[in-house]
Amino acid sequence: MNRVGQVAWAYDLAKQLLEEPLPRRWAHTQGVGRRAETLAPILGTDADTLVAAAYLHDIGYSPRLVDTGFHPLDGARYLRDVHQADEILCRLVAHHSCAVNEALERSLYDALINEFSTERPHLMDALTYSDMTTGPDGQHLDVEERLTEIHSRYGPEHLVSRSITASTPCITAAVRAVEVAMASRA
């Protein structure tokens with residue numbers, strides 16, 4: 001599959017898995033895809049891979065895919081096992097937005113690390129940027145607004161809030177790195 005074909009395939013697969021059962025998650029996913037498209041100037045030949053990963057990053061929330069309840073791992077396993085997807089896509093989905101901290105909270109760290117190695121930092125940063133500057137309805141938010149929104153949605157004691165708190169330095173560093181890279185291209 002060529003890279004342009006990969007983006008179309010990723011969009012269609014995400015739509016199929018998310019649009020009907022999780023319309024708000026689908027709106028977020030479309031917004032993340034649009035944000036990822038804006039990063040083409042700093043990604044060169046990796047741009048299409050990032051856009052495809054942006055569309056696929058949350059497919060693990062689909063009721064059809066939930067296994068562990070940890071959407072990065074469930075989504076990456078589905079891509080690997082059912083679609084024999086590109087390893088880069090699987091790694092990006094598995095580790096998006098500093099997922100390792102939630103894996104620790106869910107006692108799934110070993111599974112995540114053993115099944116999916118991490119991806120190149122510039123791609124991980126770009127996917128984190130795209131996800132963490134897009135709100136739940138697909139609107140652009142700055143990273144602080146997005147982090148606040150996640151905390152308010154889950155509440156302070158939820159494991160997602162705890163993992164987001166642990167991930168905040170990683171998330172904000174990724175967002176800032178992408179912003180600096182984009183500013184230097186302007």
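Look up a bit, the structure's there.
Treat the numbers as computed from the prediction; the structure is a model and nothing was measured.

Caption draft 1: Representation of the overall build of the chain. Within the chain one finds eleven helices and zero strands. N-terminal to C-terminal, the α/β element order of the chain is α-α-α-α-α-α-α-α-α-α-α. Radius of gyration (C-alpha) of the chain: 15 Å, near the 16 Å computed for a compact globule of 186 residues. Its C-alpha atoms give the chain principal-axis dimensions of about 40 × 35 × 30 Å. Taking the contacts inside the chain whose residues are at least 6 apart along the sequence as the reference set, 67% of them involve residues at least 24 apart. Summed over its atoms, the accessible surface of the chain is roughly 8400 Å², and 53% of this surface lies on carbon and sulfur atoms. When the 17 basic and 26 acidic side-chain charges of the chain are each reduced to a single mean position, those positions are 2 Å apart.

Caption draft 2: View of the nonpolar core. Core analysis: the biggest nonpolar cluster contains 52 residues, and Leu50, Leu56, Ile59 and Leu79 have the highest contact counts within it. Secondary-structure elements contributing two or more residues to this core are α1 (3-18), α2 (23-37), α4 (47-56), α5 (71-83), α6 (87-95), α9 (121-132), α10 (143-154) and α11 (159-185). It is α4 that contributes the most residues to this core, eight residues altogether. Among residues more than four places away in sequence, those in contact with isoleucine 59 are Ala14, Leu17, Leu18, Leu65, Gly75, Tyr78 and Leu79.

Caption draft 3: Region of the structure containing the environment of glutamine 30. Mapping glutamine 30 onto the fold places it in helix α2. Distance in space between the C-alpha atoms of glutamine 30 and glutamine 6 is 16 Å, their sequence separation being 24 residues. With near-sequence residues (within four places) excluded, glutamine 30 lies in contact with Tyr11 and Tyr55.

Caption draft 4: Structural context of the packing of aromatic side chains. Evaluation of the coordinates by the stated rule reveals two aromatic pairs. Relative to tryptophan 26, the ring of tyrosine 11 has its centre 5.2 Å away and its plane inclined at 65 degrees; by these criteria the two rings are edge-to-face. Residue tyrosine 11 is found in helix α1, and its partner tryptophan 26 is found in helix α2; the two are separated by 15 residues along the sequence. For tyrosine 11, a relative accessible area of 27% translates into the label partly exposed. Note on tryptophan 26: relative accessible area 5%, which makes it buried. Each ring, one from tyrosine 11 and one from tyrosine 55, has its centre 5.2 Å from the other, and the planes form 85 degrees; the classification is edge-to-face. Taken together, the residues span a long stretch of sequence, with tyrosine 11 in helix α1 and tyrosine 55 in helix α4 at a distance of 44 residues. The exposure class assigned to tyrosine 55 is buried, which follows from its relative accessible area of 6%.

Caption draft 5: Molecular detail of a nonpolar patch on the surface. There is a patch of nonpolar side chains on the surface, built from Leu104, Tyr109 and Ile113 and spanning about 250 Å² of accessible area. Counting through the fold element by element, leucine 104 comes out in helix α7 (residues 100-105).

Caption draft 6: Spatial organisation of the side chain of serine 163. Summarising the element assignment, serine 163 is placed in helix α11. Judged by relative accessible area, which is 3%, serine 163 ranks as buried. Among residues more than four places away in sequence, those in contact with serine 163 are Asn101, Glu102 and Glu105.

Conventions adopted
- Residues numbered from 1 in each chain as written.
- Predicted model: local features only at pLDDT ≥ 70, side-chain atom pairs only at ≥ 80, totals over all residues.
- Heavy atoms only, no water.
- Helix = DSSP H or I, 4+ residues; strand = E, 2+ residues; numbered from the N terminus.
- Rg over C-alpha atoms; globule rule 2.2 N^0.38 Å.
- Contact = heavy atoms within 4.5 Å.
- Areas by Shrake-Rupley, 256 points an atom, 1.4 Å probe, with all protein chains shown as cover.
- Lys, Arg positive; Asp, Glu negative; His and termini not counted.
- Charge placed at Lys NZ, Arg CZ, Asp CG, Glu CD.
- Core = buried A, V, L, I, M, F, W, Y, C linked by side-chain atoms within 4.5 Å.
- Buried < 20%, exposed > 50% of the residue type's maximum accessible area, 1.4 Å probe, protein only.
- Phe/Tyr/Trp six-rings, centres within 6.5 Å; stacked < 30°, edge-to-face > 60°.
- Patch = residues over 30% accessible without salt bridge, like charges linked within 9 Å, V, L, I, M, F, W, Y side chains within 5 Å.
- Salt bridge = Lys/Arg side-chain N within 4 Å of Asp/Glu carboxyl O.

Distances and angles like these do not, on their own, reveal function.
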